[in-house]
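One letter stands for each residue in the lines below.
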Amino acid sequence: MDKDTSNGLGKATIICLEYEKKSMTILKSNSNPFSVSQFQVPINADPGKIGSIDLVFKSKRKVNKKWVQAIRGSRFQKMDFLGIFLVSSLAMMKTIHGYGVGVGWSNAHATFYGGGDASGTMGGACGYGNLYSQGYGTSTAAMSTALFNNGLTCGACFEIKCVNDNRWCLAGTIIVTATNFCPPNNALPNNAGGWCNPPLRHFDLSQPVFQHIAHLKAGIVPVQYRRVACRKSGGIMFTINGHSYFNLVLITNVGGPGDVVSVSIKGSRTGWQVMSRNWGQNWQSNSYMNGQAFSFKVTTSDGRSVISNNVAPPNWAFGKTYTGGQF
């Protein structure tokens, strides 16, 4: 970092916008190094009425001069282009998207499910099926509505530690992959059984991994979490299901950010075609592509893409899994 010459302007709130179909995701990063929170607003929202969007300087904590200058020159306003990105390197992009060195800790709570062998965690809302054979094992979590993001968080990795409870917490951290959804229970209050009710941030961990950070008798413990890069062995895996006019591809074992935001498919006799997300990490194509080799382009939340050329041969078969490149 350069020597600070910001004259004590202090901590800045930095905004990044990304337009989606009907809403825009706002990534708000506080302090230096950055911690990231995000929320969505309607795409036709009036920026002047969203007070938290304004770029502000609140504390006496100093920040780098270059960031101060960037913030001063990037006051939020309504736009018709893709977004504002106050980043200048891939490493900083990783931080903005919520993982990487320097990402701060956020507060949540954790419980456990699935039994001592985690057999009750198999399947799940991400579509991964047998978590053992897919390589996720027992280091998995079901996410509350606030974290699940309608399935877009599937495959993301989180580091978690138990905090502020000396009676039940154990030292150390765990790293888990988001593989399931923890549904709300609106019949119960948020502080007495409705642990996954919005807007609570909650991790329902597999029982074996919960035992690494807390005693089982606790039932529920306060935790802190942060996004981290997923470290995977081998390449991205593509499992082809469906039928001739409905290719449903399950994508697993994704490294880096882990969460897939876009997938394209190309047959040996076609161009690239964007696939649509069916549910979890199942992506579909309605084109007839029998007898063609398949290539896939997978894009993760940090904007990076990996192209796996001819990963499935012309004689591919439904129910089979094929391995491609990796982040």
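Residues numbered from 1 in each chain as written. Predicted model: local features only at pLDDT ≥ 70, side-chain atom pairs only at ≥ 80, totals over all residues. Heavy atoms only, no water.

Observations regarding the pairing of strand β10 (residues 237-243)
And step 1. In this structure, β10 lies alongside strand β11 (residues 246-252), joined through 7 bridges in antiparallel fashion. Within the sheet, the bridge partner assigned to N241 lies in β11 and is L248.
And step 2. Between β10 and β11, which pair antiparallel one after the other, the connecting turn spans 2 residues.
And step 3. In terms of strand pairing, β10 meets strand β18 (residues 321-323) through 3 bridges, oriented antiparallel. Across the sheet, residue M237 finds its bridge partner in β18, namely T323. (Pairing = 2+ DSSP bridges. Helix = DSSP H or I, 4+ residues; strand = E, 2+ residues; numbered from the N terminus.)

Some words on the state of the cysteines
And step 1. Under the defined criterion, the tally for this structure stands at 4 disulfides.
And step 2. Each disulfide pairs two cysteine sulfurs, and for C162 the partner residue is C169, the sulfurs being separated by 2.0 Å. Between C162 and C169, the S-S dihedral sits near -65°, and the bridge is therefore left-handed. Taken individually, C162 and C169 each receive the classification buried, so the pair is uniform in this respect. (Disulfide = S-S within 2.5 Å. Buried < 20%, exposed > 50% of the residue type's maximum accessible area, 1.4 Å probe, protein only.)

Here we look at the nonpolar core
And step 1. Core analysis: the largest hydrophobic core is formed by 31 residues, its most contacted members being F158, I160, F203, L205 and V221.
And step 2. Residues in contact with I160, not counting those within four places in the same chain, are W105, G172, T173, I174, V176, F203, L205, I213, V223, Q224 and Y225.
And step 3. Core analysis: the next-biggest nonpolar cluster, separate from the first, contains 20 residues, V254, W283, F296 and W316 among them. (Core = buried A, V, L, I, M, F, W, Y, C linked by side-chain atoms within 4.5 Å. Contact = heavy atoms within 4.5 Å.)

Things to note about the packing of aromatic side chains
Aromatic rings considered in pairs are described by the distance between their centres and by the relative angle of their planes.
And step 1. This structure, assessed with the given rule, holds 11 aromatic pairs.
And step 2. Geometrically, the ring pair formed by W316 and F318 is edge-to-face, given 5.0 Å between the ring centres and 90° between the ring planes.
And step 3. Given a relative accessible area of 33%, F318 falls into the partly exposed group.
And step 4. The structure contains a cluster of three or more aromatic residues connected by ring pairs, namely F238, F294, F296, W316 and F318.
And step 5. Stacked on the ring of W105, the Lys or Arg K161 has its end atom at 4.1 Å from the ring centre. (Phe/Tyr/Trp six-rings, centres within 6.5 Å; stacked < 30°, edge-to-face > 60°. Lys NZ or Arg CZ within 6 Å of the ring centre and 35° of its normal.)

Structural notes on the environment of R167
And step 1. Mapped onto the fold, R167 is located in the loop between β6 (157-162) and β7 (174-181).
And step 2. Take R167: its relative accessible area is 64%, and that puts it in the exposed class.
And step 3. Remark: the alpha-carbon pair of R167 and H215, spanning 48 residues in sequence, is separated by 8.7 Å.

Observations regarding the sheet that holds β11
And step 1. Strand order in the open sheet formed by 5 strands is β14-β15-β11-β10-β18, and the pairing between neighbours is antiparallel. Because the sheet does not close on itself, it has two edges, and the strands there are β14 (276-279) and β18. Pairs of neighbouring strands in the sheet enclose a mean axial angle of 35°, with direction left out of account.
And step 2. Relative to strand β15 (residues 282-285), β14 is paired through 3 bridges, and the arrangement is antiparallel. (Axes fitted to C-alpha atoms, helices over the stretch in contact; angles between N-to-C directions.)

Concerning the layout of surface pockets
And step 1. By volume, the second largest pocket amounts to about 180 Å³.
And step 2. The wall of the second largest pocket is formed by 13 residues, among which C157, I175, T177, R231 and K232 lie closest to the centre.
And step 3. At 3 residues, β7 tops the list of elements feeding residues into the lining of the second largest pocket. (1 Å grid on protein atoms, 1.4 Å probe; cavity = no way out; pocket = protein on both sides within 12 Å on 5 of 7 lines; lining within 4 Å. Points joined across faces, edges and corners; volume = space filled by probe spheres on them.)

Some remarks on unusual backbone geometry
And step 1. The omega torsion of the bond from P198 to P199 falls at 5°, within 30 degrees of zero and hence cis.
And step 2. Considering the arrangement of structural elements, one finds P199 in the loop between β7 and β8 (202-206).
And step 3. Positive phi, normally seen in glycine, also occurs at A118, with a value near 65°.
And step 4. When its relative accessible area of 0% is taken as the criterion, A118 is described as buried.
And step 5. The backbone phi angle of N310 is positive, close to 50°, even though this residue is not glycine.
And step 6. Within the fold, N310 resides in strand β17 (residues 305-312).

Comments concerning the confidence of the model for the protein chain
And step 1. For the protein chain, per-residue confidence averages 78 on the pLDDT scale, and residues scoring 70 or more make up 69% of the total.
And step 2. Note that pLDDT drops below 50 for residues 1-43; the model gives that stretch 145 contacts with residues more than four away or on any other chain.
And step 3. Predicted confidence for residues 46-97 stays below pLDDT 50, and this span has 109 contacts to residues more than four positions away or in other chains. (pLDDT = per-residue confidence, 0-100.)

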